[in-house]
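# Observations on the model geometry
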Amino acid sequence: LVAIWVQAWTDLSVSLDCNSWIAGSSDVVSHWPFDLLRLKNCNDISSQVAFGLVRNVSLFLPLILKSIGLRCFQAQTTRLVVPMTFLDDEHIRLLVLLVESIALGLMREALGGSGGVANSDQTLAKALSGSDFVMDFVIGLLGMIHPSQVETVLLAYFNILEQCEQQTVERDSEDDSLRRCKCSRQLRLQAIERLAAVPSFTKVNYPVKFTDSYPRRKAKQSSWVTQVNQADEPGTHDEQWNAVARIPEAFWLSELLMSQCLVICYVSCETIVLEAKEQARATKYGRTVEKALSRDDLLRLESLAFHSIVLAYEHLVKRQAMDSRFQSIPCGYRIAALFLRPLIHHSVDAASQLARMDPDHRVRLIWLLCLLYSLQESPDAMLRRELQALCQNGRLNDFVYLLKLACTSCQYFFSRDEPLPVLEGFNSLSATIILVVDECLDVISNDESLTNVGCSIFDVLLQLLATPQSSVTLLRTLGAAAHSLDKFGARVFSRATLVGDQLQHWARLMLTMMNNKELSVRSMAVDFVVSLLSQLYQEDGNIESWSLCMLTILPEIVAREIALCHASGLVGSMLDVERSLWPLRRSLADVEEADPLDDDRVDERMVPLLGLLCRTSQAIIDGVVIEIRLSGAGEVGRLSDITRTISSRQVADDLVIPDKFSQDSVFDADEESLMEAASYFSHETSLPQRMRWLFSLRDLHVAKGQWLEAAETLNLCAQSMLKGLDFITHTWRPSRTFDAWHDSRRFPWLLAVGLNKGCAEVNAFADAFLEPFRREDNKINSGHLSIEDVAMTVVDVVCQMVAAFEQESGLEELACLHLEDLLALLPSKTR
């Protein structure tokens, strides 16, 4: 009887005249009339009767469900793990026609009304209440018939609703189109919310394999004898086993619902972003946007996006993960696997939209939180398979970029009292990067693609290392960095660090890790540095690029470590300053002690270069401590006073012995340390760094009253600058800002830790020691040097040299000899 009713309504609907159609899922009715949903044009009696079935669903659907239930009870299959009752094709066609007809009727009812926000909301609420009957019917079917047939019914229902949203009609206004999209999405979200609450949700996602015979026969135990016998019969095992597919596929319901949530969220956010871009472009050119969305429309779209992503998190992910039945480790793997595939692929598709949102936007935070959960808890084999699929489709770089977005958003969960969410998120990101490198490195054959992926991975690792973490999380991140370096090699790392100031930022972080209080972190950082230097030497035959970068920014790192210890109340005297740098000194000694006999990474020809690098590093650390003493800080008090003194040092300062300088605080090797630091830098490539340490040596001699030594140091300064005039364009200068320590927007942990004022003071103290000397016009401290800058500095240095010679008698002849030598070094074109 019901079949006759449904067929009559279906025939009437299809027979109506219509200009546009939407595709159906059944062979019986392949297209449904779309114009019948547009009440303004189709409000006749026939269209009302055609969709009158939806008004009687409260009667028909329970009746049909009861009829199916009585027959399934007689088959005694509902007591199995998954119901094994199968309806014939005629019954399935009937159910598909039924749900499609009801879906169209619900859309017609939701779009009804006389207009206005209040009236449209009322009609939508009425349609949502009618959809509850459909979901009750589907949930009832889950307990009686095989899930593959329930999937067919569900897909038909969602397909009709999606077709109603995607259909484009020229005569529709913007408001009508937006309202149709809103109603379609709300009906789908209502269905998702009801289906996610099914107690057997997890069970129906793992249906048994369908076989021709019932019950399933257990396979014989495999042995080499049976394998040989099966091989003698061609196709006996392979054909039967491979022909038996999982019907439906595993995770069919979870992936369907999660995909619907993410798609609705994505298209809603995309509409908002496109509208914002149009508004910005119109404002820029002074014009208005045609068919612009109102504020209320944008708020509705934002509400839909937030509703869909919260539904995905609360009702799908969290509900199943927090279920008391699934708290064992194997169950945790299976729960996370339910949503892994749609989360990865839809997140990659939506990466551009997520990047346009603020890092702390609620939609972006919840979306990436779901992704991180799946990455952390999913089975390793399944995650590797999905990563391989991304690599084969050429979307691996987008996935790595998505990890970078997750890294930024995770920092908004940072809290001093509860840092666990951030640490767990970073652990998941580090483990995922290792899997990406393992699974996809050998698959990528294009050198350009390999370099792009390497640049993205090293960029994510740099951002991870720049955020404060526990020692365990730092070890995992450093392990991921060492693994990536080992797989990609120094060549890809060098290309990755050529972008911007990445190389010196890596040097900053590695030096910071080498001064960590945890021995395990220091050891891992030392191992990374040794691996990097060894690979650079094998690739280029030298380690000059890394050494120059590392030694240039080392004073900044030393000063920063001292300032951080001072901010923590650990530094009150110069002895405490020395103690705060002992871990770094020990780590540098470990790098110097790398032995080719014990470590096959180290080339024996590189050992002298390592010794020179580490000895110079130790000398530079001594130099920073000497500069703090020269500032008059016998007892380290306020950092701002030392910062002000260091920052105000000028090349042309008068040679005056400081009042607060203590002879007892200076070691006998201070001059040798400063000279060793200056001797490493060449006037051809690093003139400012060489001059910095020579000026510090000058100040040390002046403080001790050694005027002849001060004059000789100034003569060496002048010679270096004159010799370096022809190489001004090759001079390398470090960047003065590292965003991870300054930009609170990109690195929100700076605000979360509550050290806003203290962090600024620490940064100012560290920046003062990067390149402290300057001229009055401050040009020598800018990004690039010019011949005029160096020439004016030479004049100031020569005047100071003459003044130093005048402090001691009998040195006039030596002073004149030095002046003649300097004049001979002066290029003829600049005389």
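Residues numbered from 1 in each chain as written. Predicted model: local features only at pLDDT ≥ 70, side-chain atom pairs only at ≥ 80, totals over all residues. Heavy atoms only, no water.

## Considerations on the nonpolar core
Judged by nonpolar contacts, the single largest core of 240 residues is most densely connected at Trp-506 and Trp-546. By residue number, the principal contributor to this core is helix H23 (residues 544–567), which donates 13 residues. Residues contacting Trp-506, with those up to four places away along its chain left out, are Phe-458, Leu-461, Leu-462, Leu-465, Ala-481, Phe-493, Thr-497, Phe-528 and Trp-546. (Core = buried A, V, L, I, M, F, W, Y, C linked by side-chain atoms within 4.5 Å. Buried < 20%, exposed > 50% of the residue type's maximum accessible area, 1.4 Å probe, protein only. Helix = DSSP H or I, 4+ residues; strand = E, 2+ residues; numbered from the N terminus. Contact = heavy atoms within 4.5 Å.)

## Focus on the packing of helix H11 (residues 252–285) against helix H13 (residues 329–349)
Put simply, H11 and H13 touch, their axes get as near as 8 Å, and they point 20° apart. When the axes of H11 and H13 are compared, the pair comes out roughly parallel. The handedness of the crossing between H11 and H13 is right-handed. In this structure, H11 uses Ser-254, Glu-255, Met-258, Ser-259, Leu-262, Val-263 and Tyr-266 to contact H13, whose residues at the interface are Leu-338, Phe-339, Arg-341, Pro-342, Leu-343, His-346 and Asp-349. Classifying every residue of the contact of H11 with H13 by side-chain character gives 8 nonpolar, 3 polar and 3 charged. (Axes fitted to C-alpha atoms, helices over the stretch in contact; angles between N-to-C directions. Parallel < 35°, antiparallel > 145°, perpendicular 65-115°, else oblique. Left-handed = near helix turned anticlockwise from the far one by under 90°. Nonpolar A, V, L, I, M, F, W, Y, C, P; charged D, E, K, R; others polar.)

## Here we look at the environment of Gln-411
Examined against the element boundaries, Gln-411 turns out to sit in the loop between helix H17 (396–410) and helix H18 (420–440). Linking Gln-411 and Thr-467, residues 56 residues apart in sequence, is a C-alpha distance of 8.1 Å. With residues up to four places along the chain from it excluded, the contact list for Gln-411 reads Phe-426, Gln-463, Thr-467, Arg-746, Phe-747, Pro-748 and Trp-749.

## Focus on helix H35 (residues 812–825)
Taking 1.5 Å of rise per residue, 14 residues should cover 20 Å, and H35 covers 20 Å from first to last C-alpha, within 8% of that figure. For H35, the set of buried residues is Ala-815, His-818 and Leu-822. The buried residues of H35 occupy one face: seen down the axis, they fall within an arc of 65°. Exposed side of H35, more than 90 degrees from the buried face: Glu-813, Glu-820, Leu-823 and Ala-824 are the residues found there. Contacts made by the buried residues of H35 are with helix H30 (707–723) and helix H34 (787–806). (Expected span 1.5 Å × (residues − 1). Arc of directions from axis to C-beta.)

## Description of the pattern of salt bridges
With the rule as written, the count across this model stands at 31 salt bridges. Of the charged contacts in the structure, one is a salt bridge between Arg-508 and Glu-556, with a shortest N-O distance of 2.9 Å. Of this pair, Arg-508 sits in helix H21 (residues 502–514) while Glu-556 sits in helix H23, and the two are 48 residues apart along the sequence. Judged by its relative accessible area of 0%, Arg-508 is buried. On the basis of relative accessible area, Glu-556 is assigned to the buried category, the value being 1%. (Salt bridge = Lys/Arg side-chain N within 4 Å of Asp/Glu carboxyl O.)

## A word on the packing of aromatic side chains
On inspection of all chains with the given rule, the structure shows 9 aromatic pairs. For the ring pair Trp-506 and Phe-528, a centre distance of 5.7 Å and an interplane angle of 15° mean the geometry is stacked. Note that Trp-506 is positioned in helix H21 and Phe-528 in helix H22 (residues 519–540), a separation of 22 residues in sequence. Exposure class is identical for Trp-506 and Phe-528. Each is buried. Measuring from ring centre to ring centre gives 5.6 Å for Tyr-680 and Phe-681, while their planes differ by 90°; the resulting arrangement is edge-to-face. Pair check on accessibility: Tyr-680 and Phe-681 agree, each one buried. Following the ring pairs from residue to residue traces out a cluster consisting of Phe-458, Phe-488, Phe-493, Trp-506 and Phe-528. Here the basic side chain of Arg-362 rests over the ring of Phe-306, its NZ or CZ set 4.2 Å away from the ring centre. The ring of Trp-693 is capped by Arg-692, whose NZ or CZ atom sits 4.2 Å from the centre of that ring. (Phe/Tyr/Trp six-rings, centres within 6.5 Å; stacked < 30°, edge-to-face > 60°. Lys NZ or Arg CZ within 6 Å of the ring centre and 35° of its normal.)

## Description of unusual backbone geometry
Note on backbone geometry: most residues besides glycine have negative phi, and most peptide bonds are trans. We note that Phe-251 has phi near 65°; this positive angle belongs to a residue other than glycine. Examined against the element boundaries, Phe-251 turns out to sit in the loop between helix H10 (236–243) and H11.

## Some points on the packing of helix H12 (residues 295–321) against helix H15 (residues 362–377)
For any two helices packed against each other, the geometry comes down to the angle between their axes and how far apart the axes lie. Contact pair H12 / H15: the axes reach a minimum separation of 9 Å and the direction vectors enclose 30°. The angle between the axes of H12 and H15 places the two elements in the roughly parallel class. Classified by chirality, the crossing of H15 by H12 is left-handed. From H12, Ala-305, Phe-306, Ile-309, Val-310, Tyr-313, Val-317 and Ala-321 reach across to H15, where they touch Arg-362, Val-363, Ile-366, Trp-367, Leu-369, Cys-370 and Tyr-373. In terms of residue class, the contact of H12 with H15 is made up of 13 nonpolar, no polar and 1 charged.

## Description of the environment of Leu-826
Inspection of the secondary structure assignment puts Leu-826 in the segment after H35. For Leu-826, a relative accessible area of 22% puts it in the partly exposed group. Sequence separation between Leu-826 and Leu-725 is 101 residues, and the spatial gap between their C-alpha atoms is 8.9 Å.

## Thoughts on the side chain of Asp-599
Its place among the elements puts Asp-599 in the loop between helix H25 (582–592) and helix H26 (607–630). Its relative accessible area of 16% is what places Asp-599 among the buried residues. Only 2.6 Å separates the side chain of Asp-599 from the side chain of Arg-601, close enough to count as a polar contact. (Polar contact = N/O pair within 3.5 Å; in protein donor to acceptor, adjacent residues only side chain to side chain.)

## Description of the environment of Met-721
Here Met-721 shows up in helix H30. Given the relative accessible area of 3%, Met-721 is considered buried. For the pair formed by Met-721 and Met-691, sequence separation is 30 residues and the distance between their alpha carbons is 8.2 Å. Excluding its chain neighbours within four sequence positions, the residues that come into contact with Met-721 are Leu-687, Met-691, Val-790, Thr-793, Val-794 and Val-797.

## Side note on the confidence of the model for the chain
Close inspection of predicted coordinates is inappropriate for parts of the model with low pLDDT. Across the chain, the average pLDDT comes to 80, with 79% of residues at or above 70. Within the chain, H10 has the poorest average pLDDT of any element, 38, and H25 the best, 93. pLDDT under 50 marks residues 208–244. Its contacts with residues more than four places away, or in other chains, come to 22 contacts. Taken as a whole, residues 778–782 scores under 50 in pLDDT and shows 13 contacts with residues more than four places along the chain or in a different chain. (pLDDT = per-residue confidence, 0-100.)

## Brief notes about helix H29 (residues 687–703)
Residues separated by three or four positions in an α-helix point in the same direction, a consequence of the helix having 3.6 residues per turn. Between its first and last C-alpha, H29 extends 24 Å over 17 residues, near the 24 Å set by a 1.5 Å rise per residue. Most of H29 sits inside the fold, with 17 of its 17 residues counted as buried. Looking one or two residues past H29, Gly-705 carries a phi angle of roughly 75°, positive in sign.

## Considerations on a nonpolar patch on the surface
Taken together, the side chains of Ile-4, Trp-5 and Leu-63 define a hydrophobic patch exposed on the protein surface, amounting to about 290 Å² of accessible area. Its place among the elements puts Leu-63 in helix H3 (residues 57–75). (Patch = residues over 30% accessible without salt bridge, like charges linked within 9 Å, V, L, I, M, F, W, Y side chains within 5 Å. Areas by Shrake-Rupley, 256 points an atom, 1.4 Å probe, with all protein chains shown as cover.)

## Things to note about the side chain of Asn-763
If you trace the backbone, Asn-763 turns up in helix H33 (residues 756–768). For Asn-763, a relative accessible area of 8% puts it in the buried group. A polar contact of 2.9 Å, which involves the side chain of Asn-763, links it to the side chain of Arg-560.

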